[in-house]
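# Structural characterization, general
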Amino acid sequence: MKGIITVLGKDKVGIIAKVCTYLAERNVNILDISQTIVQDYFNMMMIVDISQAAKSTEVLVEELQHIGEEIGVEIKLQHEDIFNIMHRI
Amino acid sequence: MISLVEVQETNKMIREMNLDVRTITMGISLMDCAHTDLSVFNQKIYDKITKSAEKLVKTGEDLEKQFGVPIVNKRISVTPISIAAGSLNTDSYVPVAETLDKAAKEVGVNFIGGFSALVQKGCTTGDRKLIESIPEALAVTERVCSSVNVGSSRSGINMDAVKLMGDIIRQTAERTADRDSIGCAKLVVFCNAVEDNPFMAGAFHGVGERECVINVGVSGPGVVKRALEEVKGRDFETLCETIKRTAFKVTRVGQLVAQEASKRLGVPFGIIDLSLAPTPLIGDSIAEIFQVMGLEEAGAPGTTAALAILNDNVKKGGVMASSYVGGLSGAFIPVSEDHGMIQAVQRGALTLEKLEAMTCVCSVGLDMIAIPGDTSKETISGIIADEAAIGMVNNKTTAVRLIPVIGKGVGEMVEFGGLLGYAPIMPVNSFNCADFIDRGGRIPAPIHSFKN
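About the criteria used
- Residues numbered from 1 in each chain as written.
- Chains lettered and ligands numbered in written order.
- Predicted model: local features only at pLDDT ≥ 70, side-chain atom pairs only at ≥ 80, totals over all residues.
- Heavy atoms only, no water.
- UniProt positions renumbered as here; feature names shortened; annotations may be inferred.
- Helix = DSSP H or I, 4+ residues; strand = E, 2+ residues; numbered from the N terminus.
- Contact = heavy atoms within 4.5 Å.
- Areas by Shrake-Rupley, 256 points an atom, 1.4 Å probe, with all protein chains shown as cover.
- Lys, Arg positive; Asp, Glu negative; His and termini not counted.
- Charge placed at Lys NZ, Arg CZ, Asp CG, Glu CD.
- Expected span 1.5 Å × (residues − 1).
- Buried < 20%, exposed > 50% of the residue type's maximum accessible area, 1.4 Å probe, protein only.
- Pairing = 2+ DSSP bridges.
- Right-handed = clockwise from strand over helix to strand, strands pointing away.
- Buried area = accessible area lost by both parts, 1.4 Å probe.
- Salt bridge = Lys/Arg side-chain N within 4 Å of Asp/Glu carboxyl O.
- Core = buried A, V, L, I, M, F, W, Y, C linked by side-chain atoms within 4.5 Å.
- Domains from an automatic or database assignment.

Looking at an unreviewed UniProt entry, one finds chain B named UPF0210 protein KP014_21765, with Paenibacillus sophorae as its source organism. In the Subunit (unreviewed entry) part of its UniProt record, chain B is described as follows: "Homodimer."

Looking up chain A in an unreviewed UniProt entry gives the name UPF0237 protein KP014_21760, with the organism given as Paenibacillus sophorae. Under the UniProt heading Sequence similarities (unreviewed entry), the note attached to chain A is "Belongs to the UPF0237 family."

### Concerning the overall build of chain A
Counting its regular elements, chain A contains three helices and four strands. Tracing chain A from N to C terminus, the helices and strands come up as β-α-β-β-α-β-α. When contacts within chain A are restricted to residue pairs at least 6 apart in sequence, long-range pairs at least 24 apart make up 67% of them. Accessible surface computed for chain A: about 4500 Å², of which carbon and sulfur atoms make up 50%. One way to put it: in chain A the 8 positive side-chain charges average out to a point 3 Å from where the 13 negative ones average out.

### A word on helix α1 (residues 4-15) of chain B
If you check α1 of chain B, its first and last C-alpha atoms are 16 Å apart, about what twelve residues at 1.5 Å a residue would give, namely 16 Å. Of all the positions in α1 of chain B, only L4, E6, V7, T10, N11, M13 and I14 of chain B are classed as buried.

### Focus on the pairing of strand β10 (residues 366-372) of chain B
All names here are of chain B. Burial analysis of β10 places seven of its seven residues in the buried class, which makes it a mostly covered element. Pairing geometry for β10 and strand β11 (residues 398-405), over six bridges, is parallel. Residue pairing across strands places I371 opposite P404, the latter belonging to β11. On the question of chirality, the crossover connecting β10 to the parallel β11 by way of helix α14 (residues 377-393) is right-handed.

### Quick word on the interface of chain B and chain A
Listed per partner, the contact involves 28 residues of chain B and 28 residues of chain A. Across the interface of chain B and chain A, roughly 2600 Å² is buried in total on both sides, 63% from carbon and sulfur atoms. When the buried surface of chain B facing chain A is broken down by residue, I2, K65 and Q66 of chain B rank first, second and third, together holding 25% of it. Close ionic contact of R88 of chain A with E6 of chain B constitutes a salt bridge, the shortest N to O distance being 2.9 Å.

### Examining the nonpolar core
All names here are of chain B. Grouped together as the largest cluster of nonpolar side chains are 143 residues, with contacts concentrated most on I76, I81, F115, M165, L310 and L355. No other element matches helix α9 (residues 236-265), which puts ten residues into this core. Counting residues domain by domain, this core receives three or more from each of domain 1 (22-191) and domain 2 (217-264 + 277-443). When near neighbours in sequence (up to four residues on either side) are disregarded, M165 contacts I131, I134, V148, V150, L187, V189 and I384.

### Overview of unusual backbone geometry
Omega for the peptide link from M200 of chain B to A201 of chain B comes to 5°, which places this bond in the cis form. On the secondary structure map, A201 of chain B appears in the loop between β6 (187-191) and β7 (212-219). Backbone geometry at Q39 of chain A places phi at a positive 45°, although glycine is not the residue there. As for its position among the elements, Q39 of chain A is in the loop between β2 (29-38) and β3 (41-49). With phi around 55°, N192 of chain B is a residue other than glycine that occupies positive phi space. With respect to the element layout, N192 of chain B can be found in the loop between β6 and β7.

This is the structure in structure tokens:
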């Protein structure tokens with residue numbers, strides 16, 4: 001099962017490090033990362049494999065949200081299906 | 001491969017444009033609970049509802065987290081009680097409503113629909129008892145919703161029921177006068193009611209449905225409005241195409257949630273209802289869509305045409321997105337639940353008569369309209385008859401949800417709270433129609449009903 005992580009907020013040092021460390025500790029594999037910075041705003045999308053994750057998706061969603069709150073950005077983890085179903089026939 | 005642009009688009013629709021799954025409704029058949037003894041019947045329906053819907057709320061919350069899309073309401077609809085309780089030995093169905101209320105609280109859903117009767121061609125003893133129990137049932141319960149189907153294109157309009165419902169609506173208003181007559185906000189009078197409708201207050205689990213089913217209602221007026229802002233000033237073809245594409249995307253989200261919910265709960269998936277149902281939030285309004293289309297206010301000349309375009313293209317987009325589209329799909333135009341509609345009433349742009357004209361092309365009818373508390377029961381019946389006639393002749397569903405606010409008059413505001421919103425009381429044409437309503441009997445079905 002794949003998940004999509006999006007991170008949005010003002011750019012600063014260590015955002016990717018923080019997210020990646022968290023994911024590594026929970027056995028979530030990162031499959032792809034794309035990232036842009038528009039006028040100081042950090043915008044990242046990650047495709048991750050959550051099928052082997054140490055915790056349930058609901059817990060990952062909550063914990064990532066908390067990390068985001070700590071460092072002042074918005075972090076979301078969503079099941080990939082919502083994007084596939086909306087944009088692919 | 002999923003692209004960053006697509007991910008951003010989806011999340012923008014959820015975050016900024018109020019895209020949501022409005023409701024997951026579990027339909028539960030109560031046919032097998034029939035019994036002659038009231039306490040046995042109550043126990044059976046309580047047990048069946050609480051057992052079937054045990055995991056409904058939790059599953060909804062899990063899906064909400066996993067997909068990152070809000071699922072606003074989790075609800076239950078049951079077999080019309082007048083049918084399930086047909087053999088009951090009792091004079092009043094109020095204890096049944098109380099049981100439904102208790103079951104709804106136990107499983108954590110905010111509304112339970114199905115305190116209903118289908119009397120388009122005539123009333124059984126059970127139907128009559130149910131209808132007469134409505135005012136008290138809605139006064140003593142919190143989450144129970146009620147509906148009565150008084151007409152259909154195939155059988156005409158039961159004018160005895162129309163007359164009775166005028167009285168029942170008034171009684172319901174009086175019984176809940178201390179709370180701005182809120183009981184009436186939970187009571188719908190239908191013509192051509194659909195049996196797979198996940199939207200309250202008119203939801204019930206149809207007699208042709210299976211044991212248990214999951215129906216989902218999706219909504220996104222905000223999303224449509226923003227999409228239309230992008231094509232401001234362009235021609236009608238572009239306008240229609242834009243609504244269609246947006247409705248497609250919105251419906252796909254509902255389809256996903258519905259399938260996933262049905263899988264997790266082990267309950268078959270019924271239908272997606274792709275309705276544009278507003279909320280009192282700014283940016284989540286049907287009236288704002290009219291404004292983006294080019295009208296100064298809802299109610300301005302052109303509004304009926306605008307609504308027809310909106311309704312038709314929502315359906316066209318949605319039908320492509322899911323094979324099982326049903327319910328009341330289309331655009332809802334409740335007054336109290338839509339801040340743009342409220343504003344239009346306050347500015348004098350929108351009248352009851354214009355709303356009635358608009359209901360010829362919308363998906364339901366005169367919905368959540370506050371009227372003066374001294375409106376007579378005959379006048380209410382007259383409005384119901386008009387609306388039912390529109391439904392009957394045009395082969396469409398129509399409904400009336402009027403709230404005569406006891407003790408208040410034209411221009412005063414009423415506050416219902418939550419999704420039910422707030423509304424200014426609208427003037428009603430008060431010329432007498434009592435002799436017409438008092439005739440009783442049934443209006444025969446229109447000529448084009450005779451198809452077989």
